[in-house]
Amino acid sequence: MRVHTLLKISSVLFATTSTATSGGCSVDEDCSLNGICNRSSGKCACDPGWRSADCGALDLRPATRWTGYNETNVTQPDFLGAAGNSSWGGTIVRDREDKQLFHLVLDHFPRGCGLAAWRPFSTVARAESRTGPAGPYRYAQELLGTFRHNSQVVWSPTDGRYLLYTIGAETATPDKCASYKWANNVSVSSAPDVRGPWTAPARVLNESTNPAPWPLWTADNSTPEIALAVEDNALYRADRFAGPYALARTMPWNTSDNAPRWTEDPFLWRDRRGNWHVLCHWLVDVAERGEKYPRVGAHLFARGGLEGGNWTFRLETAYDTTVRFEDGGRIDYYRRERPSLYFSDDGALTPLYLVTGVQEFNSSASYTLIQPIGDAAKRCERDLGF
């Protein structure tokens, strides 16, 4: 499959904001581009990892307690609060040499101040797991100090380097738990290994947040181009990761706060068929009821979306704040945000795990939850010997 160069969009952008199909499918878009429409039966055959009549919901399976990264019970003499080492989502990275080792690059809030003090206490940390992609992960090192947040890391085959996108600015932390207000900006660092050494963050976008990169490299085209989604699902491109980044498009629907399609925290990817997708935090219940739950996950998609296709935003939930566990229990979370997916590395890009930041009711602490997706997650763990 050959990469098509991203173009600046000067023509009118059309998009769909439909609800789920009610009369059966007629095209693959009716299957959220996560499956194939059987036109004879009018039914979707969903790809592994997706479910529902229109393949728009993740096929989430019960999670295991204390997988992911949860060090909210940690305390140290210099801690300023009781929220432990809180965290807020991350990216799973399989080690390129040691295939039994998995890294989690995550937003990490040390010193006990919890989620409310993410700015200025957020750092970017690396944790390790030798029990599979779901973890549990244990803290290994700090990659970037305060203040760095909204981390997403990808491997750029053309550059032979990891690319770490963040928001933030270098600053000292106060001697008490506090929350600051600063203008957001997006920076990128790079390293030959996920452990580092990482270059100093270089700013690439001003007054922007929630960076979500995806290299445009394919086996047929070793381009160094990068696609980058940010808040409100605005899409940028750059010829190289260092920039400059040019705005390719914005979504045509109302993206303002408290609108029905108000979102943040995009996770961007291109699937094996060349279609584009975004999984993001949907704030529909904040807009409608002033609550942060239960509907929190939205899925957007487009055929050739970065080059001129029509983006679709179905007003339905891709995942919610309820998580069921293998022991039969469940937790209805107060907040569940910062989604990212870990895919199979066999070229099929099957989603195996959903990574999110979660916060329970009546708690100032937050942690990073990893939940398996579909039957493929268990097969992955068996193949790894876990």
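Residues numbered from 1 in each chain as written. Predicted model: local features only at pLDDT ≥ 70, side-chain atom pairs only at ≥ 80, totals over all residues. Heavy atoms only, no water.

Student: Tell me about the state of the cysteines, residues and numbers included.
Tutor: Cysteine pairs can be covalently joined through their sulfur atoms, and such a bond is termed a disulfide. One pass over the structure, following the stated rule, counts four disulfides. Between the sulfur of C25 and that of C37 lies a disulfide, 2.2 Å long from S to S. Residues C25 and C37 are joined through a disulfide that is right-handed, its torsion about the S-S bond being 90°. Within this pair, whereas C25 is found in the loop between β1 (15–16) and β2 (35–38), its partner C37 is found in strand β2, the two being separated by 12 residues in sequence. C37 shares its class with C25; the two are buried. What pairs with C46 in a disulfide is C55, and their sulfur atoms sit 2.1 Å apart. Between C46 and C55, the S-S dihedral sits near -90°, and the bridge is therefore left-handed. Judged by relative accessible area, which is 0%, C55 ranks as buried. (Disulfide = S-S within 2.5 Å. Helix = DSSP H or I, 4+ residues; strand = E, 2+ residues; numbered from the N terminus. Buried < 20%, exposed > 50% of the residue type's maximum accessible area, 1.4 Å probe, protein only.)

Student: Mind laying out the confidence of the model for the chain, listing which residues take part and the relevant values?
Tutor: For the chain, per-residue confidence averages 93 on the pLDDT scale, and 94% of positions sit at 70 or higher. Of the regions scoring below 50 in pLDDT, residues 1–21 engages in 61 contacts with residues more than four places distant in sequence or in other chains. (pLDDT = per-residue confidence, 0-100. Contact = heavy atoms within 4.5 Å.)

Student: Provide a residue-level description of the side chain of R148, including the pertinent values.
Tutor: Relative to the helices and strands, R148 is located in strand β10 (residues 148–156). Within the structure, R148 has its side chain in polar contact with the side chain of E170 (distance 3.1 Å). Ignoring anything within four residues of it in the chain, the contact list for R148 reads S122, T123, V124, T166, I167, G168, A169, E170, S187 and P201. (Polar contact = N/O pair within 3.5 Å; in protein donor to acceptor, adjacent residues only side chain to side chain.)

Student: Which residues make up the environment of E264, and what values do they have?
Tutor: Note on placement: E264 falls in strand β18 (residues 263–270). Look at E264 and you get buried, because its relative accessible area is 19%. When sequence neighbours within four positions are dropped, the list of residues in contact with E264 reads N210, E231, C280, H281, L283 and E337. Among the polar contacts listed, one links the side chain of E264 to the side chain of H281, at a separation of 2.8 Å.

Student: So what's going on with the sheet that holds strand β25 (residues 335–343)? Residues and values would help.
Tutor: Reading across from one edge, β25-β26-β27 is the order of the three strands in this open sheet, with antiparallel pairing throughout. Across the chains shown, the open sheet's two edge strands, defined by having one partner strand only, are β25 and β27 (367–372). The average angle at which neighbouring strand axes cross in this sheet is 25°, direction not considered. Examined bridge by bridge, strand β26 (residues 351–359) and β27 share six bridges and lie antiparallel to one another. If you follow V358 over to β27, its bridge partner there is Y367. The sheet contacts of helix α3 (residues 374–384) involve β26 and β27, and relative to β26 the element is tilted by about 100°. (Pairing = 2+ DSSP bridges. Axes fitted to C-alpha atoms, helices over the stretch in contact; angles between N-to-C directions.)

Student: Before we move on, can you summarise the pattern of salt bridges with the specific residues and values?
Tutor: A complete count under the given rule lists 25 salt bridges for this structure. Among the salt bridges present, the one from R61 reaches D59, with a minimum N-O distance of 2.9 Å. Members of the salt-bridge network, linked through shared partners, are D285, E288, R289 and R295. (Salt bridge = Lys/Arg side-chain N within 4 Å of Asp/Glu carboxyl O.)

Student: Give a description of the pairing of strand β16 (residues 235–238) that names residues and reports values.
Tutor: The two faces of β16 match: L235 and R237 on one face and Y236 and A238 on the other face are all buried. Direction of pairing for strand β15 (residues 226–229) relative to β16: antiparallel, over a ladder of four bridges. Across the sheet, residue I226 finds its bridge partner in β16, namely A238. Hairpin connection from β15 to β16: five residues lie between these consecutive antiparallel strands, with D232 at a positive phi of about 70°. Where β16 meets strand β17 (residues 245–249), four bridges bridge the pair, whose relative direction is antiparallel. Note that in β17 the partner of Y236 across the bridge is L247. Following β16, the chain reverses through six residues before pairing antiparallel with β17; G243 in that reversal takes a positive phi of roughly 95°.

Student: Hey, could you go over the packing of aromatic side chains for me, with residue numbers and the actual values?
Tutor: Under the criterion given, the structure shown has 17 aromatic pairs. Ring centres of W155 and Y162 lie 4.8 Å apart, and the angle between their planes is 65°; this geometry places the pair in the edge-to-face category. When the ring of F267 is compared with that of W269, the centres are 5.8 Å apart and the planes differ by 40°; the resulting orientation is tilted. Each member of the pair, F267 together with W269, is buried. Taken together, W50, W214, F267, W269 and F343 form an aromatic cluster joined through their ring pairs. Against the face of F325 rests R65, its NZ or CZ located 4.1 Å from the ring centre. The lysine or arginine in question, R96, covers the ring of W155, its NZ or CZ lying 3.8 Å from the ring centre. (Phe/Tyr/Trp six-rings, centres within 6.5 Å; stacked < 30°, edge-to-face > 60°. Lys NZ or Arg CZ within 6 Å of the ring centre and 35° of its normal.)

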